[in-house]
Amino acid sequence: MHIHVITIDGPSGSGKGTLAAKVAQHYGYHLLDSGALYRLLGLSLRNKNLLNQLDEKMTDCVEIARQLDIQFIANPNEGIQILLEGQDVTLVIRSEEIGACASKVAAIPELRTALLQRQHDFAQAPGLIADGRDMGTVVFKEAIAKIYLTASAQSRAERRVKQLQAMGLDAKIDAILANIEDRDRRDMERSVAPLKPAEDAFLIDSSLLNIEQVFEMMIQYIDSKLA
Ligand code: DC
């Protein structure tokens, strides 16, 4: 049976994660959250005190990346539970601290290569929704449908403020906006697998759209490619 791979790339805060999960559920496809892989590797290397000696210990780090003992367990009502060496790290890997570890790891070409096979292994019947930065440009160049989802930095910052406020946390838009612009610059300017739309990607700017509207646009586009 032919396996359909659909890629969704874009900057953080564009709504990619939520939409990738909704689209995967709609088609009954598997889901690859590639950012979680970088977060898991960042956490693992931090736990082993290797993050500050990546250059000296590169061979060890590559081996750890290849052998990373991880499990993604789908729970119907609670989303996906993530285990690292048998420990539940679902929430831990979402912290800003581990985000920073992930971003460090993601800038190293040898470690990106070491995670390639892992990512390819997710492509299983009947299909895969692959969410990340380089899914359509590097990891799944042959994907049948490629989406690049973006939104202005201002609107992504506003969404983040609302999320934080909903969690009862204090949020300052200026600091959050500066953070987002910083991260965009790092993701887009890095020499290896920079964030950019694939040439054949369908571009969606979600600045003025809600989740449902973006979802409809994605489904229409994907259906046209699958037809
Ligand atoms: O999407 P996220 O915030 O979970 O991603 C975590 C880090 O990994 C972030 O610095 C971007 C990086 N990343 C990447 O370089 N390539 C991917 N395919 C996915 C994420």
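Residues numbered from 1 in each chain as written. Predicted model: local features only at pLDDT ≥ 70, side-chain atom pairs only at ≥ 80, totals over all residues. Heavy atoms only, no water.

### With respect to the packing of helix 2 (residues 34–47) against helix 3 (residues 58–67)
A pair of packed helices can be characterised by two numbers: the angle between their axes and the separation between those axes. Viewed as axis vectors pointing N to C, helix 2 and helix 3 meet at an angle of 130 degrees, and their least axial separation amounts to 10 Å. Considering the angle they form, helix 2 stands oblique to helix 3. Helix-helix and strand crossings are classified by hand; for helix 2 and helix 3 the assignment is right-handed. For the pair helix 2 and helix 3, contact is made by Leu41, Ser44 and Leu45 and by Cys61, Ile64 and Ala65, respectively. Counted by class, the contact of helix 2 with helix 3 contains 5 nonpolar, 1 polar and no charged residues. (Axes fitted to C-alpha atoms, helices over the stretch in contact; angles between N-to-C directions. Helix = DSSP H or I, 4+ residues; strand = E, 2+ residues; numbered from the N terminus. Parallel < 35°, antiparallel > 145°, perpendicular 65-115°, else oblique. Left-handed = near helix turned anticlockwise from the far one by under 90°. Contact = heavy atoms within 4.5 Å. Nonpolar A, V, L, I, M, F, W, Y, C, P; charged D, E, K, R; others polar.)

### Concerning helix 9 (residues 173–189)
Over its 17 residues, helix 9 extends 24 Å from the first C-alpha to the last, a length consistent with the 24 Å expected when each residue adds 1.5 Å. Among all positions of helix 9, only Ile176, Leu177, Ile180, Asp184 and Asp187 are buried. Buried residues along helix 9 cover an arc of 100 degrees about the axis, so they all sit on one side. The outward face of helix 9, more than 90 degrees from its buried face, is lined by the exposed residues Asp174, Ala175 and Glu189. The inward-facing, buried residues of helix 9 abut helix 8 (153–166). (Expected span 1.5 Å × (residues − 1). Buried < 20%, exposed > 50% of the residue type's maximum accessible area, 1.4 Å probe, protein only. Arc of directions from axis to C-beta.)

### A closer look at unusual backbone geometry
Omega for the peptide link from Ala125 to Pro126 comes to 0 degrees, which places this bond in the cis form. Considering the arrangement of structural elements, one finds Pro126 in the loop between helix 6 (116–120) and strand 6 (127–132). Despite not being glycine, Glu85 shows a phi value in the positive range, around 45 degrees. As for its placement among the helices and strands, Glu85 is situated in the loop between strand 4 (79–84) and strand 5 (87–88). Phi at Ala193 is positive, roughly 45 degrees, even though this residue is not glycine. Secondary-structure assignment places Ala193 in the loop between helix 9 and strand 8 (202–205).

### Concerning the side chain of Ser44
The topology assignment puts Ser44 in helix 2. For Ser44, a relative accessible area of 1% gives the class buried. What Ser44 contacts, discounting residues up to four positions off in sequence, is Ile64, Leu68, Leu84 and Glu85.

### Here we look at the nonpolar core
Within the largest apolar cluster, 39 residues are counted, with the highest numbers of intra-cluster contacts made by Leu32, Leu40, Leu41, Leu45, Ile93, Leu111 and Phe140. Listing elements by their share of this core, those giving two or more residues are helix 2, helix 3, strand 4, helix 4 (96–106), helix 5 (109–114), strand 6 and helix 7 (135–139). Here this core takes 7 residues from helix 2, the largest share from any one element. Those residues in contact with Phe140 that sit more than four places away from it in its chain are Val5, Thr7, Leu32, Gln119, His120, Ala123, Leu128, Ala130, Met135 and Lys146. With 19 residues, the next largest nonpolar core counts Ile129, Ala145, Ile204 and Val214 among its residues. (Core = buried A, V, L, I, M, F, W, Y, C linked by side-chain atoms within 4.5 Å.)

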